[in-house]
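Next come the chains, spelled out residue by residue.
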Amino acid sequence: MSCDCGGLLEVRQDFRLADAERLKTLFDCRLALRTGPYASGVWRYKELIDPELEEAHIVTRGEGNTGLYDCAPAAIHAGVRRVWLKAQGENPSGSFKDNGMTAAVSRGVFAGYRAFACASTGNTSSSLAMYAAWAGLRCVVLVPPGGVAANKLMQTLAYGAEVYGIEGGYDAGVRLLNRCGEALGLYVCNSVNPFRIEGQKSMIIEAAHQLGWTLPDWVVLPGGALSNASALGKGLLEMKAIGLIGKVPRIAVVQAEGASPFHRMIASGGGELVPEPAPRTAASAIRIGNPPSWRKAARVLRDCAGVTCAVSDEAIMAAKRVIDRSGIGCEPAAAAGLAGLKKLAAEGTISRDETALVVLTGHMLKDADALRVSVPDPGLSPLAPDELFSRLAGVR
Ligand SMILES: *Cc1c(COP(=O)(O)O)cnc(C)c1O
């Protein structure tokens, strides 16, 4: 899946003949569909995702179609005028990885593969395992032992994937599959797979569609392997080129302080990423020291007037509490975006009267350990009904 030059491949489509008004009408018509591939929030936009793929090869679970919520508590927390939360945890396996995985698995099936593989910090494996089970395919998953939230591992096993621990963690897993996947007959579905990037673009296309083809001033998201940042920027620039949107929002990529090689590179003005050998953060989904897609993400930052920042685990957990209490909820990595927005607003990089779309990448139930830390122990010793009544009456 890599070029001879060592860089990653990228899908380039020719949109010169695309007609924005015709596409908008087509996408609107598909909103009425309840079943079939075009009811998916990814394949609704097939003309922009993978126009050449034959419909019969689409492997879909109706992914995408996630809510976009105008969340006042999040705006107050960050100190900006308005915050939209794009709740990607509402995907069928509980994270944004489904948007990309449906595209990659469909392409693998189209190419005749029956066995699929990935290295994962958790959500990628849950997603691939789900699609493999649904389509009756073999699924091999490499995980950093002890480095994956328990629920994600259980979910992956429950879908029937073969799970192996790998020494050296996520980064070593990516390296091994890049080198040997093909020889083992495995279709590799890490974010180096260019079709995953194409599928992940649908998140921002769907958000633009939901908001009537205008977007807020900023799009803010957490960065781990940096595939999502790459996809989002690509989607924005293509929508602008086609004429679906008039203006490209600025992008902010947020990393955890203990796993922030990309932020360090950008902040120091360097042109080469220096990997972080021992990445540390409670937000396991972004605990990545050597992000494969950093070149693509750097290009996106340049083309979308983007910025980066790094936030502490405390700031991540504080943002998570706000998102949980607002009634939406998310896992720790997903909360990094709001924590970053708050920091960038405090620094003055983002102005207080600007608006932002914050991508919530994963569902709150993905990481039960994080919940145990962030909520009080309920101490559920049973009370007699009379006692309970007087307590509740007292509370009132
Ligand atoms: C994968 C993941 C990320 C990081 O996305 P990248 O594309 O690797 O930068 C962030 N949050 C969650 C919940 C994830 O699963």
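Owing to the predicted nature of the structure, the values given are computational and were not obtained by experimental measurement.

Structural notes on the pattern of salt bridges
Taken as a whole and judged by the stated rule, the model has 21 salt bridges. Two residues, Glu238 and Lys201, come together in a salt bridge whose shortest N-O distance is 2.6 Å. With Glu238 in helix 10 (residues 227–242) and Lys201 in the loop between helix 8 (194–200) and helix 9 (202–210), the pair connects residues that are 37 residues apart, well separated along the chain. Two residues, Lys234 and Glu238, come together in a salt bridge whose shortest N-O distance is 2.8 Å.

Describing the UniProt feature "domain: Tryptophan synthase beta chain-like PALP" (unreviewed entry) in the protein
Per the UniProt entry, the sites bearing "domain: Tryptophan synthase beta chain-like PALP" (unreviewed entry) are residues 59–362 in this numbering. Along residues 59–362 the backbone is 44% helical and 16% strand, and the end-to-end C-alpha distance reaches 21 Å.

Some remarks on empty space enclosed by the protein
In total, this model carries one cavity of 30 Å³ or more according to the counting rule given. Taken as a whole, the largest cavity spans an internal volume of roughly 250 Å³. Broken down by class, the residue content of the lining of the largest cavity amounts to ten nonpolar, eleven polar and three charged.

A few points about the packing of helix 10 against helix 12 (residues 294–303)
Remark: helix 10 packs on helix 12, axes separated minimally by 8 Å, with the N-to-C direction vectors making an angle of 40 degrees. If you check the angle between helix 10 and helix 12, you find them oblique. Remark: the crossing between helix 10 and helix 12 carries left-handed chirality. Contact residues: helix 10 offers Ala229, Ser230, Gly233, Lys234 and Leu237, while helix 12 offers Lys296, Ala297, Val300 and Asp303. Looking at the contact of helix 10 with helix 12, its residues break down into four nonpolar, two polar and three charged.

Observations regarding the sheet that holds strand 1 (residues 68–70)
The six strands are arranged 1-2-10-7-8-9 in an open sheet whose pairing can be described as mixed. Strands at the two margins of the open sheet, each flanked by one partner only, are strand 1 and strand 9 (307–311). Between one strand axis and the next, the sheet turns by 25 degrees as a mean value, whatever way the strands run. Relative to strand 2 (residues 82–87), strand 1 runs antiparallel, the two being bridged by three bridges. In the strand pairing of strand 2, Leu68 is matched with Lys86.

How each quantity is defined
- Residues numbered from 1 in each chain as written.
- Predicted model: local features only at pLDDT ≥ 70, side-chain atom pairs only at ≥ 80, totals over all residues.
- Heavy atoms only, no water.
- Salt bridge = Lys/Arg side-chain N within 4 Å of Asp/Glu carboxyl O.
- Helix = DSSP H or I, 4+ residues; strand = E, 2+ residues; numbered from the N terminus.
- UniProt positions renumbered as here; feature names shortened; annotations may be inferred.
- 1 Å grid on protein atoms, 1.4 Å probe; cavity = no way out; pocket = protein on both sides within 12 Å on 5 of 7 lines; lining within 4 Å.
- Points joined across faces, edges and corners; volume = space filled by probe spheres on them.
- Nonpolar A, V, L, I, M, F, W, Y, C, P; charged D, E, K, R; others polar.
- Axes fitted to C-alpha atoms, helices over the stretch in contact; angles between N-to-C directions.
- Parallel < 35°, antiparallel > 145°, perpendicular 65-115°, else oblique.
- Left-handed = near helix turned anticlockwise from the far one by under 90°.
- Contact = heavy atoms within 4.5 Å.
- Pairing = 2+ DSSP bridges.

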